[in-house]
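# Reading the structure
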Amino acid sequence: MRRAGWLLAGLLLAGCHRVERADPASEGNGTTTPPPSSQGDGRTLRIFMWSDYIDPQVVKDFEKREGVRVVIDTFESNENMLAKLQGGGASYDLATPSNYVVQTMVRAQLLQPMDKAKLSHFGNVAAGFLNPNFDPGNTYTVPYQFAATGLAYNSGRYVPPEESWRLIFGPEDRVRFALLDDPREVIGAALKYLGHSVNSTDVEELRAARDLLRRTVRKRGFESFSGGPETRNKLLAGQIDLGQIYVGDLLQGAAEDRRLKVFLPREGTTISTDTLVLLRGSPNPALARRFVNYVLEPQVSAAISNYTYYGNPNRAAQPLLDPFLRAQKAFNPSAEDFSSGRVEFINELPRGAAPRLYDRIWTELKSR
Ligand code: N2P
């Protein structure tokens, strides 16, 4: 069943993502292109990655194998990652954007081709993750991990009366909660609660989501916008009752403290896949490609997912995954979850008015 879910996730990735083909030479989007960085020394690999998203032992083993140093800086949302990369200054080799910002990065000329012919383990990628619509031919991306977003709680302190977004978006005012510090996730959750697509571009639907979110962040119980690991820690410490969270971040904590639980709200939720990309300014592209190829090794790929508790798109790694992961319903949306739209991939928004509307809603919420 779990594998069926993943397969389906892959199929959906391949089938449902709207692709915006972009010619980087002729289409600007107002962003500046950082100049390629000076040549690196081949001894240090710099990766810009979601927090708590890799097994540190895997990193150490690569350092030892290659006789190099790996430096990992972290981010909590695609938007923060993009802002830092577009600001220039930081010369990373690799990053882990979600599917729905890959084309944005291509247009902003932030990426260089991954050149999968140079990756001897690329054949391990599960079929459903090959040739995704957000990156035809896997020119720029190698799938890294994926997960849905859920609502989490610490059952030792609070047991939700229902599995619904209503717990935070409804009239209840006492439950203390955190939302992800991530615009597409937060606006997507509100849209889903209202019965709309997480990729809505309808002005009325987005206004309704904005109004709902305005009310939500004014509630007594609203604690913060937090990254996934921070939300997990707040649940453990009893600072909040409920937290919107990327499922893997919660399961990392649940493996230690079984009181931590997560569910996918019945109105539906978001899912996205994160990728490894080679940045245009990479000081050490050859070393970066060796790292990506290393991650594609079945044992390495499985070790990463067994540590992070995220979905794994590596066919050869499947038999090596921890049975704990198999038992997690929230980690494994069913075929019906996908077909009913209950679990919906976040896609890139078509350029135009909608992205600006999302930006405005987010800016207003954050500056409340
Ligand atoms: C890791 C969060 C990664 C999932 N902390 C976001 N797509």
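Its UniProt record gives the protein a comment under Subcellular location (unreviewed entry), which states: "Periplasm".

With that out of the way, let us pick up the site of the ligand. Close to the ligand lie Trp50, Ser51, Tyr53, Ser98, Tyr246, Asp249, Ser272, Asp274 and Tyr310, which account for all nearby residues. Here a nitrogen atom of the ligand and a backbone polar atom of serine 51 are 2.5 Å apart. Aspartate 274 is positioned such that a nitrogen or oxygen atom in its side chain is 2.9 Å from a nitrogen atom of the ligand. Bound to the protein, the ligand loses 98% of the 270 Å² it would expose on its own. With respect to the detected pockets, the ligand is housed in the largest cavity. Taken together, the residues of the shell around the ligand sort by class into four nonpolar, three polar and two charged.

Attention shifts here to empty space enclosed by the protein. Per the stated rule, a full pass over the model turns up four cavities of 30 Å³ or more. There is about 140 Å³ of room inside the largest cavity. Lining the largest cavity are 14 residues, with Trp50, Tyr53, Tyr246, Asp274 and Tyr310 sitting closest to its centre. For the lining of the largest cavity, the per-class residue count stands at six nonpolar, three polar and five charged. Both domain 1 (9-146 + 273-326) and domain 2 (148-270 + 333-366) contribute no fewer than three residues apiece to the lining of the largest cavity. Estimates place the volume of the second largest cavity at around 60 Å³. In terms of residue count, strand S5 (residues 141-154) provides more of the lining of the second largest cavity than any other element does, three residues in total. Among the residues forming the lining of the second largest cavity, the class breakdown is eight nonpolar, two polar and no charged.

What UniProt calls "binding site: spermidine" (unreviewed entry) maps, in this numbering, to Tyr100, Asp182, Pro183, Arg184 and Glu185. Sequence-wise these annotated residues cover 86 residues; spatially they are packed, their C-alpha atoms never more than 13.0 Å apart. Within the annotated group just given, the residues that line the largest cavity are Tyr100, Asp182 and Glu185. Using a relative accessible area of 6% as the deciding quantity, one classes arginine 184 as buried. Non-local contacts of arginine 184, meaning those with residues more than four positions away in its chain, are made with Glu79, Tyr100, Val198, Asn199, Ile346, Asn347, Glu348, Leu349 and Tyr358. Within the structure, the side chain of arginine 184 is placed 3.4 Å from the backbone oxygen of valine 198, a separation counted as a polar contact. Tracing the chain through its elements places glutamate 185 in helix H6 (residues 183-193). Each residue touching glutamate 185, except ones within four places of it in the same chain, is listed here: Thr149, Leu180, Gln244, Tyr246, Thr270, Ser272 and Ile346.

Reading guide: rules and limits
Residues numbered from 1 in each chain as written. Predicted model: local features only at pLDDT ≥ 70, side-chain atom pairs only at ≥ 80, totals over all residues. Heavy atoms only, no water. UniProt positions renumbered as here; feature names shortened; annotations may be inferred. Near = heavy atom within 4 Å. Polar contact = N/O pair within 3.5 Å; in protein donor to acceptor, adjacent residues only side chain to side chain. Areas by Shrake-Rupley, 256 points an atom, 1.4 Å probe, with all protein chains shown as cover. 1 Å grid on protein atoms, 1.4 Å probe; cavity = no way out; pocket = protein on both sides within 12 Å on 5 of 7 lines; lining within 4 Å. Sits in = over half its atoms within 2 Å of the grid points. Nonpolar A, V, L, I, M, F, W, Y, C, P; charged D, E, K, R; others polar. Points joined across faces, edges and corners; volume = space filled by probe spheres on them. Domains from an automatic or database assignment. Helix = DSSP H or I, 4+ residues; strand = E, 2+ residues; numbered from the N terminus. Buried < 20%, exposed > 50% of the residue type's maximum accessible area, 1.4 Å probe, protein only. Contact = heavy atoms within 4.5 Å.

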